[in-house]
Amino acid sequence: MVDRNSTRASDPPRPGGVGRVEAWFLPLLLATTVLFAGAGRAPEAGSPAGEAAPPRSVILLIADGMGPQQLGLHLDVADALGRETAVERAYRVGRTSTVRTGSANSPVTDSAASATAMATGRDTDNGRVAVDPTGAPLTTCLEDAVRTGRRAGIVTTTRLTHATPASFCAHVPDRDLENEIAGQMLEQGIDILLGGGAVHFLGGLGGQDLGGRIRAAGYTLVRSRAELDAAPRKGPLLGLFHGDNLPYLVDRDGGEGEPLHVPGLPEMTRAALERLEGADGSLLIIEAGRIDHAGHANDAGALLGEMREFDATLDLLLDHIELHPEVALIVTADHETGGLCLTYRPGRLPTAEDLRALDGVMRSVPARPTGAVDLAEATAIYGQARLPFVAESAWGWNAPGLLRSSERFVSFGSQGHSATPITLFHIGAGAPLPSLMTHADLGARLREWMSIPLPSGGAR
Ligand SMILES: [Zn+2]
């Protein structure tokens, strides 16, 4: 079902909407102590990194809401399970930078402003989608890529019309104008569009029916994993696998009532790579979009599921880069969400067993509106006495998630985004990025790369 409040009620402050800021900052106690592991590490000998030729093709993998804390927890859980991670592989073969986050009107960005900076090289206000603070459109790297004859794709676990993917291919003053975003998206000549948000393309629940425009633009429409598998390898492809965001991984793998026919991020990424591989230049934007939502919900179990999905996607992209050293792979986040940390409490330290339990979570915790959960109810449902470091003031709509996470020593300082600097990996082609940078610095580089004419004059 489409539950729009589940992701939007928790979005960060907009211009003129700063009333909730204070409440978010109250519990932000521990989130600022973070580890920037591996920043600036040199690539291993023999790795493709270090090539300075400008890349003909770029793959940008954005893990929405993934700060260094989320990366660290993912690695700790993998250690507890003896599991290899693609994140460690990326550290071995790539360069890393630290990216300071923030928008034109706040040190705490939202996905729209952050993705706009990555797409255009320009900072804007929170809530704006590829327009400047006055509302004037800003050209995106995806538009550059299409103009220079490259092929283009967008793959996401959120609605395709959500702020992050939208900022690469639509221009609206407010991220909530998702019907408008869908219409613009279909006009951009994008070869591959895979994700959720079907209501904004096919109608229902406040959406719109763009069936005629989908056909006019030549898209083959697929609605399930099976249809994606069977789709033609050539021609524009539009995959709409859910009315809203795609379900969390933990809910897709056996959760009640959620469709098992939804493809995962690695499957969608593979489908996009197969179709873009033959082109002599391309831009592929991939978003692991729901790390952010699990952070807003303070649900560490769901968050780790989304991190596994991200990691599996990164693994196949690293395989791809080994075969295609002319491609630049950039892996980063737009901001951190939740002020997450793994901590301890007096007299008890977290153990590997706690981490394995987090990894074994099979369902996301349903969010409840403020006031709908009280301590007695939550204790009855989740079976643990209230923990000392869960302050009364932190209890809100995400109380069940916070309580479950706290049982395993994962604490959240916020229900929203934090200003924590995040990590960027650069693997493959292209001159090195600065070791300390901004999203606008990345956007400027992407626009530069995607503006370079192809030797062939373009394959489109
Ligand atoms: Zn968010």
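Residues numbered from 1 in each chain as written. Predicted model: local features only at pLDDT ≥ 70, side-chain atom pairs only at ≥ 80, totals over all residues.

Visitor: Hey, could you run me through the overall build of the protein chain in this one?
Guide: When helices and strands are tallied, the protein chain shows 19 helices and 14 strands. A fraction of 75% describes how many contacts in the protein chain between residues 6 or more apart in sequence connect residues 24 or more apart. (Helix = DSSP H or I, 4+ residues; strand = E, 2+ residues; numbered from the N terminus. Contact = placed C-beta atoms within 7 Å.)

Visitor: I'm lost on the packing of helix H4 (residues 86-93) against helix H15 (residues 300-323) in this one. Help?
Guide: The geometry of a pair of packed helices is captured by two quantities: the angle between their axes and the separation between those axes. Between H4 and H15, the shortest axis-to-axis distance is 8 Å and the interhelical angle comes to 40°. Relative to H15, H4 is oriented oblique. On the side of H4, the interface is formed by Ala 86, Val 87, Arg 89, Ala 90 and Val 93, while H15 contributes Asp 311, Leu 314, Asp 315 and Leu 318. Among the residues making up the contact of H4 with H15, the classes are represented as six nonpolar, no polar and three charged. (Axes fitted to C-alpha atoms, helices over the stretch in contact; angles between N-to-C directions. Parallel < 35°, antiparallel > 145°, perpendicular 65-115°, else oblique. Nonpolar A, V, L, I, M, F, W, Y, C, P; charged D, E, K, R; others polar.)

Visitor: What is the right way to read the environment of Arg 56 from this model?
Guide: Checked against the element boundaries, Arg 56 lands in the loop between helix H2 (21-25) and strand E1 (57-63). When the C-alpha positions of Arg 56 and Leu 454 are compared, they lie 7.1 Å apart, and in sequence the two are 398 residues distant. Apart from the residues lying within four places of it in its own chain, the contact partners of Arg 56 are Asp 280, Gly 281, Glu 326 and Leu 454.

Visitor: I would appreciate a short explanation of the pairing of strand E2 (residues 95-100) in the present structure.
Guide: Within a regular strand, the side chains alternate between the two sheet faces. Strand direction decides the pairing type here: E2 and strand E13 (residues 422-428), joined by five bridges, are antiparallel. The residue of E13 that forms the bridge with Thr 98 is Thr 423. Bridging between E2 and strand E14 (residues 436-438) involves three bridges; their strand directions are parallel. Among the inter-strand pairings, Arg 100 is bridged to a residue of E14, identified as Thr 438. (Pairing = 2+ DSSP bridges.)

Visitor: For this particular structure, what's the right way to read the sheet that holds strand E5 (residues 220-222)?
Guide: Strand pairing in a sheet is mediated by backbone hydrogen bonds. Such pairs are either parallel or antiparallel. With mixed pairing, 10 strands are arranged side by side in an open sheet as E5-E6-E4-E3-E7-E1-E8-E13-E2-E14. A strand with exactly one partner marks an edge of an open sheet, and here the two such strands are E5 and E14. Here the average twist between neighbouring strands, direction ignored, is 15°. Contacting strand E3 (151-159), strand E4 (192-196), strand E6 (237-240) and strand E7 (282-288), helix H13 (residues 265-276) runs over the sheet at an angle of about 170° to E3.

Visitor: Teacher, can you tell me more about the pairing of E7 here?
Guide: Of all seven residues making up E7, seven are buried, and the element is well covered by its neighbours. Residues of E7 alternate between two faces, with Ser 282, Leu 284, Ile 286 and Ala 288 on one and Leu 283, Ile 285 and Glu 287 on the opposite face, all of them buried. Where E1 meets E7, six bridges bridge the pair, whose relative direction is parallel. Paired with Ala 63 across the strands is Ala 288, a residue of E7. Pairing between E3 and E7: six bridges, direction parallel. For Arg 151, the partnering residue across the bridge sits in E7 and is Ser 282. (Buried ≥ 20, exposed ≤ 12 C-beta atoms within 10 Å, placed from the backbone.)

Visitor: What exactly am I supposed to notice about helix H16 (residues 352-359) here?
Guide: Quick reminder: α-helices carry 3.6 residues per turn. Residues three or four places apart thus point the same way. Listed as buried for H16 are Leu 355, Leu 358 and Asp 359. Considered in projection along H16, the buried side chains sweep an arc of 100° and stay on one side of the axis. Residues of H16 that are buried sit in contact with helix H3 (68-81), H15 and strand E11 (410-412). (Arc of directions from axis to C-beta.)

Visitor: What should I look at first to understand unusual backbone geometry in this one?
Guide: Residues apart from glycine generally show negative phi values, whereas peptide bonds are mostly found in trans. The phi angle at Ala 130 is positive, at roughly 50°, despite the residue not being glycine. Its place among the elements puts Ala 130 in the loop between helix H5 (111-120) and helix H6 (141-147). A positive phi is found at Asn 298, a non-glycine position, where the angle reads about 55°.

Visitor: What exactly am I supposed to notice about the environment of Ser 224 here?
Guide: Inspection of the secondary structure assignment puts Ser 224 in the loop between E5 and helix H11 (225-230). Taking the number of C-beta atoms within 10 Å as the measure of exposure, Ser 224 has 16 and is therefore partly exposed. Taking C-alpha positions, Ser 224 is 5.6 Å from Phe 241, a pair spaced 17 residues apart along the chain. Sequence-distant contacts of Ser 224, that is, excluding residues within four places in its chain, are made with Phe 241 and His 261.

Visitor: Please explain the packing of H5 against helix H19 (residues 439-451) as it appears in this structure.
Guide: The contact between H5 and H19 brings their axes to 5 Å, and the two run at 35°. Residue-level inspection shows Ser 114, Ala 117, Met 118, Ala 119 and Thr 120 of H5 in contact with H19, the latter providing His 439, Ala 440, Leu 442, Gly 443 and Leu 446. For the contact of H5 with H19, the residue count by class is six nonpolar, four polar and no charged.

Visitor: What's the story with H4 in this structure? I'm lost.
Guide: Among the residues making up H4, those that are buried are Val 87, Ala 90 and Tyr 91. Axial view of H4: buried residues confined to an arc of 100°, hence all on one face. The inward-facing, buried residues of H4 abut H3, E2, H15, strand E8 (327-332) and E13.

Visitor: I tried to follow the environment of Gly 295 on my own but got confused; where do I start?
Guide: Along the chain, Gly 295 turns up in helix H14 (residues 291-296). Gly 295 gets classed as buried once you count the C-beta atoms within 10 Å, which come to 34. When the C-alpha positions of Gly 295 and Ser 414 are compared, they lie 8.7 Å apart, and in sequence the two are 119 residues distant.

Visitor: Even after reading the chapter, I still don't get the confidence of the model for the protein chain, so can you show me in this structure?
Guide: As a note on interpretation, predicted positions should not be read in detail where pLDDT is low. On average, residues of the protein chain carry a pLDDT of 84, and 79% of them reach 70 or more. Below a pLDDT of 50 lies the segment residues 1-51, which in the model reaches 91 contacts outside its immediate sequence neighbourhood of four places, other chains included. Ignoring residues within four places in sequence, the model shows residues 381-395, a span with pLDDT below 50, making 22 contacts including any to other chains. (pLDDT = per-residue confidence, 0-100.)

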